[in-house]
Amino acid sequence: MAKFTPAAHLICPLDQQPLALDGGSLKCLGGHSFDIAKQGYVNLLPVQKKKSKDPGDSKEMIQARQRFLQAGLYQPISDQLNQLVSQQLDASGNKSVTILDAGCGEGYYLSRLATENKLIEKTQVDQKKVELLGVDISKWGVQAATKYQLPITWIVGTNAQLPVEPGSVDLIICMFGFWQPEWFARVLKPGGKVILAESGVDHLVELREIIYKEVHRKNIPELKGIAEEGFKLIDQQQLEFRPATLNKEQVQDLLVMTPHLYRASYEGKQSAQQLEKLDLTAQVVFRVLEFNPQPDNV
Ligand SMILES: C[S@@+](CC[C@H](N)C(=O)[O-])C[C@H]1O[C@@H](n2cnc3c(N)ncnc32)[C@H](O)[C@@H]1O
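In what follows, the accompanying structure is described.

Calculation notes
Residues numbered from 1 in each chain as written. Predicted model: local features only at pLDDT ≥ 70, side-chain atom pairs only at ≥ 80, totals over all residues. Heavy atoms only, no water. Phe/Tyr/Trp six-rings, centres within 6.5 Å; stacked < 30°, edge-to-face > 60°. Buried < 20%, exposed > 50% of the residue type's maximum accessible area, 1.4 Å probe, protein only. Near = heavy atom within 4 Å. Polar contact = N/O pair within 3.5 Å; in protein donor to acceptor, adjacent residues only side chain to side chain. Areas by Shrake-Rupley, 256 points an atom, 1.4 Å probe, with all protein chains shown as cover. Nonpolar A, V, L, I, M, F, W, Y, C, P; charged D, E, K, R; others polar. Core = buried A, V, L, I, M, F, W, Y, C linked by side-chain atoms within 4.5 Å. Contact = heavy atoms within 4.5 Å. 1 Å grid on protein atoms, 1.4 Å probe; cavity = no way out; pocket = protein on both sides within 12 Å on 5 of 7 lines; lining within 4 Å. Points joined across faces, edges and corners; volume = space filled by probe spheres on them. Helix = DSSP H or I, 4+ residues; strand = E, 2+ residues; numbered from the N terminus. Pairing = 2+ DSSP bridges. Axes fitted to C-alpha atoms, helices over the stretch in contact; angles between N-to-C directions.

### Digging into the packing of aromatic side chains
Working step 1: Evaluated as defined, the whole model comprises five aromatic pairs.
Working step 2: Pairing Phe68 with Tyr74 gives two aromatic rings, centres 5.0 Å apart and planes at 80 degrees, and the pair type is edge-to-face. This pair shows no difference in class: Phe68 is buried, exactly as Tyr74 is.
Working step 3: Relative to Tyr109, the ring of Tyr108 has its centre 5.0 Å away and its plane inclined at 80 degrees; by these criteria the two rings are edge-to-face. Here Tyr108 matches Tyr109 in class, with each residue buried.
Working step 4: Put simply, the rings of Trp179, Phe184, Phe231 and Phe291 touch in pairs and so form one group of aromatic residues.

### Comments concerning the site of the ligand
Working step 1: Around the ligand sit 17 residues in total, of which Asp57, Gly103, Asp136, Asn159 and Met175 are the nearest.
Working step 2: Backbone polar atom of Asn159 to a nitrogen atom of the ligand: 2.9 Å apart, as the coordinates give it.
Working step 3: Compared with its free state, where it exposes 600 Å², the ligand has 87% of that area covered by protein.
Working step 4: Broken down by class, the residue content of the shell around the ligand amounts to seven nonpolar, seven polar and three charged.

### Digging into the nonpolar core
Working step 1: With 56 residues, the main nonpolar core has Tyr74, Ile99 and Phe286 as its most contacted residues.
Working step 2: Not counting residues within four places of it along the chain, the set of residues in contact with Tyr74 comprises Phe68, Leu69, Tyr108, Tyr109, His203, Leu204, Phe241, Leu254, Met257 and Ala282.
Working step 3: By size, the runner-up hydrophobic cluster in this structure holds 33 residues, among which are Leu133, Cys174, Phe184 and Ala185.

### Focus on the layout of surface pockets
Working step 1: Computed from the structure, the second largest pocket encloses a volume of approximately 200 Å³.
Working step 2: Ranked by residue count, the leading element in the lining of the second largest pocket is strand E6 (residues 129-136), at four residues.
Working step 3: Residue classes in the lining of the second largest pocket are distributed as six nonpolar, three polar and two charged.

### Brief notes about the sheet that holds strand E2 (residues 25-27)
Working step 1: The strand order E1-E2-E3 describes an open sheet built from three strands, whose pairing is antiparallel. A single partner strand is all that each edge strand has here, and the edge strands are strand E1 (20-22) and strand E3 (33-35). Here the average twist between neighbouring strands, direction ignored, is 35 degrees.
Working step 2: Of the strand pairs in this sheet, E1 and E2 are connected by three bridges, and their pairing is antiparallel. Residue Asp22 lies in a different strand from E2, and its bridge partner there is Ser25.

### Here's the deal with the sheet that holds strand E5 (residues 96-102)
Working step 1: Taken in spatial order, the eight strands of this open sheet run E4-E7-E6-E5-E8-E9-E13-E10, and their pairing is mixed. Looking along the sheet, the strands with just one partner apiece sit at the ends: strand E4 (42-43) and strand E10 (231-241).
Working step 2: In the sheet, E10 pairs with strand E13 (residues 282-291) via 10 bridges, with the strands oriented antiparallel. If you follow Phe241 over to E13, its bridge partner there is Ala282.
Working step 3: The strands touched by helix H3 (residues 108-116) within the sheet are E5, E6, strand E7 (153-156) and strand E8 (169-175), with E6 carrying the most contacts at an inclination of about 170 degrees.

### Topic: the pairing of E5
Working step 1: Of all seven residues in E5, six are buried, a share of seventy percent or more.
Working step 2: Examined bridge by bridge, E5 and E6 share seven bridges and lie parallel to one another. By the bridge assignment, Ala102 is partnered in E6 with Val135.

### Quick word on the environment of Gly40
Working step 1: The residue Gly40 is located in the loop between E3 and E4 in this model.
Working step 2: Leaving out residues up to four positions away in the same chain, Gly40 has contacts with Ala2, Lys3, Phe4 and Thr146.

In structure tokens, the structure reads:
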């Protein structure tokens, strides 16, 4: 059995009581028990939140994204994230820091954050104890993430009911994921931060021009519930770069790993399938939000 890294503040998805490791399971005082999978993760997805038999990204999508990301094609996005996280950690005086990746997919960004920012050895470096949690609703994503073999707590779960104690997280990263202000506010410490990454207006525009009749250049959406839940936008940055030329297989992987697979017309997908290579623009907007509870939420 692969090693599971237990985190300090996990709670039962059924009665919200603290979970503790007991042999090969996590158990709460209410008698609920969740087995640690042999790959080294735990499934804390409440059944009522499981809207389909196999929720989230499919095995095929996860494998495509894994090949694409591991080829380093989005490494500048990961580098920018790592830099933003460093700034936030330096600014935080907390000795013990919990970082949660909400919608971690196959774990590329969180694993690279752990290794490149040396968060795993942080305890020796400056006495900060760093705990890392990756949550995704796709069991395929989480299973793939365990393959990095890092001391990260990998959890099948949902951003719409995060299985961690209220007020226990310092920083949430959400890379091309689902903004859930109510749940992010619930689990963050006062003063906690969220780093969100989303596609910019011109992200992958060259691919979109091939697969759609008309390319809509929509601005990134306003985030709902910011002020209501006690969030304030404190930084916004745009990153634009040109990944190395994609080969035929990488173009297919890109189509499979994004919503374009579902949205593109049949003819559009046929045209993309005929491409031998593709040069692309990647454009990503990072938003950093700070959470401070509203007086009536305290
Ligand atoms: C576009 S992918 C991004 C994955 C990863 N953050 C990355 O950038 O490589 C969105 C991810 O959100 C996951 N997801 C969808 N709904 C979710 C939910 N309610 N809670 C947690 N994850 C969810 C999907 O399974 C998928 O892995």
